[in-house]
Amino acid sequence: MHKIILTTLNARYTHCSFGLRYIYANMNELQEVTGICEFVKSDSINEITEKILSDKPLIVGIGVYIWNASETSKLVKLLKIVSPETIVILGGPEVSHLPLRIDFDSADYIIQGESDLEFYKLVKSILDGTEQSERIIRADISNLVEIKLPYEYYTDEDIKNRVIYVEASRGCPFTCEFCLSSIDKLVRKFNTEILLKEFDKLWE
């Protein structure tokens, strides 16, 4: 049974959620009570809600992107109607910049920015009863040295049948006006030696 469910609505089945695996990799001692549950945005919202709540989780974290924002809004509303005591935390690019273009008022918390480390901190404080009163939390830019990498959490099934995402850096040197990545103009690179060892795990 999982106290914490990490979920998102992928654009299609062949996509894996890179973000959820990063969050999971950095859950520390809470990893053993945390589960990943991925869906496709075309799935029934009622069935998604039923599946998520079947474990009676205390906390549900949802990754929100441009392709699933509308469906996620409906999902959050239904989750809070069926199980109002379940705490819903949103993160991802689509909720990281104000004003929000979709109604996410039903969510308990929204993490804006990189959630790799911030999600664990928030969940830990909720479970300890020391959570802050602020609903919208602005995450600091993560120190890439401190982040645990997610590559060991791709399954054999993922590697065989789905698109596997990797990253060697974060940020973008360009300033295209239509792209959220242009907001953070600092390009940060992961340690190459560590990264190649992780990629080797995938290759094997």
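For the structure itself, look to the data block above.
Residues numbered from 1 in each chain as written. Predicted model: local features only at pLDDT ≥ 70, side-chain atom pairs only at ≥ 80, totals over all residues. Heavy atoms only, no water.

Give a detailed account of the nonpolar core, specifying residues and quantitative values.
Within the largest apolar cluster, 21 residues are counted, with the highest numbers of intra-cluster contacts made by Ile48, Ile52, Ile62, Leu75, Leu79, Leu90 and Phe104. Those elements that place two or more of their residues in this core are strand 1 (4-10), strand 2 (34-40), helix 2 (45-53), strand 3 (59-63), helix 3 (69-82) and strand 4 (87-91). Dropping the residues within four chain positions of it, Leu75 is found in contact with Leu9, Ile45, Ile48, Thr49, Ile52 and Ile62. Within the second largest apolar cluster, 19 residues are counted, among which are Ile4, Leu6, Val33 and Ile59. (Core = buried A, V, L, I, M, F, W, Y, C linked by side-chain atoms within 4.5 Å. Buried < 20%, exposed > 50% of the residue type's maximum accessible area, 1.4 Å probe, protein only. Helix = DSSP H or I, 4+ residues; strand = E, 2+ residues; numbered from the N terminus. Contact = heavy atoms within 4.5 Å.)

Pulling in residues and values, what's your account of the pairing of strand 2?
For strand 2, the buried fraction is high: 5 of the 7 residues fall into the buried class. Where strand 1 lies against strand 2, 7 bridges are found, and the strand directions are parallel. The residue of strand 2 that forms the bridge with Thr8 is Glu38. (Pairing = 2+ DSSP bridges.)

Please provide a residue-by-residue account of the sheet that holds strand 4, values included.
Pairing in this open sheet of 6 strands is parallel, and the strands run 2-1-3-4-5-6 from one edge to the other. On the outer flanks of this sheet lie strand 2 and strand 6 (136-138), each paired with one strand and no other. Neighbouring strand axes in the sheet, compared pairwise and without regard to direction, differ in orientation by 20° on average. Running at roughly 175° to strand 2, helix 1 (residues 18-25) makes contact with strand 1 and strand 2 of the sheet. Packed on one face of the sheet, helix 2 meets strand 1, strand 2 and strand 3 and runs near 170° to strand 2. (Axes fitted to C-alpha atoms, helices over the stretch in contact; angles between N-to-C directions.)

I'd like to hear about the side chain of Ser125, residue by residue, with values.
Inspection of the secondary structure assignment puts Ser125 in helix 4 (residues 118-128). Engagement of the side chain of Ser125 in a polar contact is seen with the backbone oxygen of Leu122, the distance being 2.7 Å. Ignoring any residue separated from it by four or fewer positions in sequence, one finds Ser125 in contact with Thr130 and Glu131. (Polar contact = N/O pair within 3.5 Å; in protein donor to acceptor, adjacent residues only side chain to side chain.)

Give a description of the packing of aromatic side chains that names residues and reports values.
Tallied over the full model, the rule gives 6 aromatic pairs. For the ring pair Phe18 and Tyr151, a centre distance of 5.9 Å and an interplane angle of 40° mean the geometry is tilted. With a gap of 133 residues between them, Phe18 in helix 1 and Tyr151 in the loop between strand 6 and helix 5 (156-161) connect regions that are remote in the sequence. Looking at Phe18, the relative accessible area reads 15%, which means it is buried. By relative accessible area, which is 2% here, Tyr151 ends up buried. A network of ring pairs unites the aromatic residues Phe18, Tyr22, Tyr151, Tyr165 and Phe199 as a single cluster. Note that Arg162 overlies the ring of Tyr13, its terminal NZ or CZ placed 4.8 Å from the centroid. The side chain of Arg170 reaches across the aromatic face of Tyr22, ending 4.9 Å from its centre. (Phe/Tyr/Trp six-rings, centres within 6.5 Å; stacked < 30°, edge-to-face > 60°. Lys NZ or Arg CZ within 6 Å of the ring centre and 35° of its normal.)

Break down the layout of surface pockets for me, citing the residues and quoting the values.
In this model, the largest pocket occupies a volume close to 1,400 Å³. As for the largest pocket, its lining consists of 47 residues, of which Tyr65, Gly92, Pro93, Gly113 and Glu114 are closest to the centre. At the level of secondary structure, the elements contributing two or more residues to the lining of the largest pocket comprise strand 1, helix 1, strand 3, strand 4 and strand 7 (169-170). With 5 residues, the top contributor of residues to the lining of the largest pocket is helix 1. (1 Å grid on protein atoms, 1.4 Å probe; cavity = no way out; pocket = protein on both sides within 12 Å on 5 of 7 lines; lining within 4 Å. Points joined across faces, edges and corners; volume = space filled by probe spheres on them.)

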